[in-house]
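Given next are the chains, with one letter for each unit.
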Amino acid sequence: MSSWLNYLRTHRFPHIWCAGCGNGTVINAMARAAEDLKLNKDKTSVVSGIGCSSRGSGYLDCCTLHTTHGRALPFATGLKFANPELEVLVVSGDGDATAIGGNHFIHAARRNIDLTLVIMNNNIYGMTSGQYSPLTPTGALATTAPYGNIDRTFDICKLAEASGATYVARATSYHVSLLKKCIENGIKNKGFSVIEVLTQCPTYFGRRNKIGNAPQMLRWYKDRGVLWKPGTKEDPDKIYLGEFVNVTDSEYCESYEAVIEKAGGKK
Amino acid sequence: MSERIEFRLSGSGGQGIITAGIVLASAALYDGKNAIQSQSYGPEARGGASKAEVVISDSFIDYPKATIPNYVLCLTKEAYRAYGENANEDITVMADSSIEIPEGKKALTAPIIETAAKEFRPMVANTIALGFIVGCTGVVSQESVIKALLERVPKGTEELNEKALYKGFEFADTVMGR
Amino acid sequence: MAEKNKILLQGNEACVLGAIRAGMKFYAGYPITPSSEIAEKAAELLPKHGGKFIQMEDEIAGIACAIGGSLAGLKSMTATSGPGFSLKQENLGYACIAEIPLVVVNIMRMGPSTGLPTSPAQGDLMQAKWGTHGDHPVICYYPSSVREMYEYTIKAFNMAEKFRTPVLVMTDEVIAHMRAGVEIPEEVEIIDRKKPEWGKSYLPFKVTDGEEIAPLAAFGSGFRFHVTGLAHDEMGFPSNNPLRNDEMIRHICAKVDKCNDEIVESAEHFTDDAEVLFVACGSVARTALYVVKQMRSEGVKAGLLIPKTVWPFPEKALKALSSRIHKIIVPEMNMGQLVYEVERIVKGDSTVTLLEKVTGELFKTEEMYNKAMAVIKQ
């Protein structure tokens, strides 16, 4: 058995995701990144909220915490802050992380607490069968936007950067080696890391919006995906991928050590 | 319930009324008595009227606030209007001399605010008032109130506060004819 | 008299000192009047005592973070007041179904909504029982003195650790903000959660059916398992099995319900020969005690029952009293909440009269006396 499979709870398969869903690819990349970094499963925790993406925690063989909608980051903050030795990864979706959990997202980034957040952005609420999310493109169809979505979208990576995340990257479920590399680098970063992964939801987004089935959606990512470099003049028809931010700044749990020292406490 | 002694301390926000209440309650504990201190919270704690209450008793205190206070301290005219003016004859009003109090009212007065400003610093008006209260009523021992005070005042102001407290004791001796 | 060695503490301060005595090592919360002194004291003391404090971005994050801290193995607490208590309800339910120990303090202020942020009330008594959706156990202490804030916060931690469930400490603004002398007890019982044994199979969500509750391993301690708010099997993995659903819900309720007698606490004053009984909590119980003593001095045989655990309610104590006292008066700083529980228990044994008060002030002695005398003379 390939050793990266050791990071999966294969006894929990088959998974709950639809045929053609990209979430499994993301979990695969996480398991491979964990294997490459030789993460200790007993000291690794994966935290998630609610939605299709969030069921991912159940398939990873470590200490896994499936929480309430939007709240994965504050639960994860509690785990990490209480025990900084834990390697804490968070899996979330576009709705979970930027709608109901939007406040937690910007504040976790602001604190620069050492968590690695993987956001599976499928541009829709898939688990509840296709309502629009903050990442549903303007004009797209959703069950709650039957006449076309009038909302404007976030740019998750720019939001993360502006909020203070010290590692920010984007990949897709097609660009799997880039995805694995970004997850690895995100885990290595001592601070708050955000990896946005565009991932296909053929069932509730692709079909309704005439992008097509899973292979067609993956081709869509392939055709539009280009590696971002500093100074790139952005074309709205392209998807920019790669690392946008990779900097060092004071990390929250480490900063608290100074508080303990000032208070005269013991570590 | 006659052994229950109730104080209502009133003034304006920033005068240290609440600290005075806390010190009084703390002193009562040092004397081996029971004490409960409470205070008014809210917008009025931001520069408007300020109120603290202290109940002291040898036995268990059930109701934690003043029922009909035995003593009402008023450091400002506004505080007097709110808590002193309508006080019945069972209540002794203890007030700053700047407040006009009608003839016949049961009141003990001392130039607390003026003395604090001229001889000390305005911030110790509460301490002078506390000395005045303790001196007039004898509700707690002077030893205990000094101990409680020195524990609660900002570092570096201990001597200033202790002198201010003694000034309050002096005022008490004067009004009590000692 | 002469109870020396007492220190003057505010109710909220006593709560934090009790928590630290109980072993609290983690506090996450969001400031809200009239509970903020709890956060402030925790921020000051925890780093001195080997613990950690974090102020989160909102009330929901506060409880979520505290649950995370508990799952990492630290005794955790959060504190709030009405509006924040409403916001915390979903994750309170999470801690119930995921069986994670946690202490939640709620200092009651007048509501609904922003209401009167600095004024006392007892409007959250029913929310404490029914606030989160679904069936779940509730343990809720209601201290009525500064000393009890200390004691019951310790007990809340003990019960949370023992039963692997969130435990509430609720009181009103009067008790939270008043200062009184507290003698810190030299010895207190401290209960720590059970940890699983190495080498034995571990079912973190085992149905224990009255036996000792399954231990809880800290994340990072070597046991890998799944925790979810979904209905789950004994390993913690999601389950849709109807039989398992039934078993799981019955388990989380029964583990507490079966120990009601061990958890329930109440105090009685002058009830031996009482002909009229007051039932009151928190600061209202203090007013009631004053009034009862006043009535006694006038020859009225009044007595008082103070529930110290509002949930579970001291049902047996009340039932015993209502079998011989046929007039019950329930003064509350709300439009009537506790009174429903009293009526449910006495079931026609006695006449039950509610004295409600919603002015945002503590029940005054004269006011309660006059209203109660009018009821007694009926």
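Draft legend 1. Representation of the overall build of chain B in the model. Looking only at helices and strands, chain B features six helices and six strands. In sequence order, chain B lays out its α and β elements as β-α-β-β-β-α-β-β-α-α-α-α. Computed over its C-alpha atoms, the radius of gyration of chain B comes to 15 Å, within 12% of the 16 Å expected for a compact globule of 178 residues. With the principal axes as the frame, chain B shows a C-alpha extent of 40 × 40 × 35 Å. Burial status across chain B gives 54% buried among its 178 residues. Excluding contacts between residues fewer than 6 apart, the proportion of contacts in chain B whose partners are at least 24 apart in sequence is 62%.

Draft legend 2. Up close: the interface of chain A and chain C. Across the boundary between the two partners, chain A contributes 36 residues, which contact 37 residues of chain C. Those elements that place two or more of their residues in the side of chain A that touches chain C are β2 (63-66), α2 (72-82), α4 (102-111) and α9 (252-263) of chain A. Among the elements that take part in the side of chain A that touches chain C, α2(A) stands out by supplying eight residues, more than any other. Relative to strand β10 (residues 226-228) of chain C, β2(A) runs parallel, the two sharing three bridges.

Draft legend 3. Representation of the environment of A:Ala160 within the structure. All names here are of chain A. Mapped onto the elements of the fold, Ala160 is located in helix α5 (residues 156-163). Considered as a pair, Ala160 and Tyr204 are 44 residues apart in the sequence and their alpha carbons are 26 Å apart. Ignoring any residue separated from it by four or fewer positions in sequence, one finds Ala160 in contact with Ala109, Ala165, Val168 and Val194.

Draft legend 4. Layout of unusual backbone geometry. The omega torsion of the bond from A:Phe13 to A:Pro14 falls at 5°, within 30 degrees of zero and hence cis. Along the chain, A:Pro14 turns up in the segment before α1 (23-36). Note that the residue after C:Trp311, namely C:Pro312, is joined by a cis bond; omega there is -10°. With respect to the helices, strands and loops of the structure, C:Pro312 is situated in the loop between β14 (309-311) and α11 (315-322).

Draft legend 5. Focus on the nonpolar core. Ranked by size, the top nonpolar core spans 249 residues in total, and within it A:Met30, A:Val118 and C:Val103 carry the most contacts. Among the elements that line this core, the one with the most residues is helix α1 (residues 17-30) of chain B, at 11 residues. Residue contributions to this core reach at least three from each of two domains, namely domain 1 (1-263) and domain 2 (267-377) of chain C. Not counting residues up to four positions away in its chain, the partners in contact with C:Val103 are C:Ala19, C:Met77, C:Ala156, C:Phe157, C:Ala160, C:Val167 and C:Val169. If you look at the next biggest cluster of nonpolar residues, it comprises 11 residues, including A:Cys21, A:Tyr125, A:Tyr132 and A:Phe205.

Draft legend 6. Focus on the interface of chain C and chain B. Each partner contributes to the interface: chain C provides 21 residues, whereas chain B provides 20 residues. When contributions to the side of chain C that touches chain B are tallied by element, the ones reaching two or more residues are α7 (173-177), β9 (179-182) and α10 (282-297) of chain C. Residue composition of the side of chain C that touches chain B, by class: 10 nonpolar, six polar and five charged. Across two bridges, the pairing between strand β2 (residues 34-39) of chain B and β9(C) is antiparallel. What sits directly across from B:Gln37, in β9(C), is C:Arg179.

Conventions used here
- Residues numbered from 1 in each chain as written.
- Chains lettered and ligands numbered in written order.
- Predicted model: local features only at pLDDT ≥ 70, side-chain atom pairs only at ≥ 80, totals over all residues.
- Helix = DSSP H or I, 4+ residues; strand = E, 2+ residues; numbered from the N terminus.
- Rg over C-alpha atoms; globule rule 2.2 N^0.38 Å.
- Buried ≥ 20, exposed ≤ 12 C-beta atoms within 10 Å, placed from the backbone.
- Contact = placed C-beta atoms within 7 Å.
- Pairing = 2+ DSSP bridges.
- Core = buried A, V, L, I, M, F, W, Y, C linked by C-beta atoms within 7 Å.
- Domains from an automatic or database assignment.
- Nonpolar A, V, L, I, M, F, W, Y, C, P; charged D, E, K, R; others polar.

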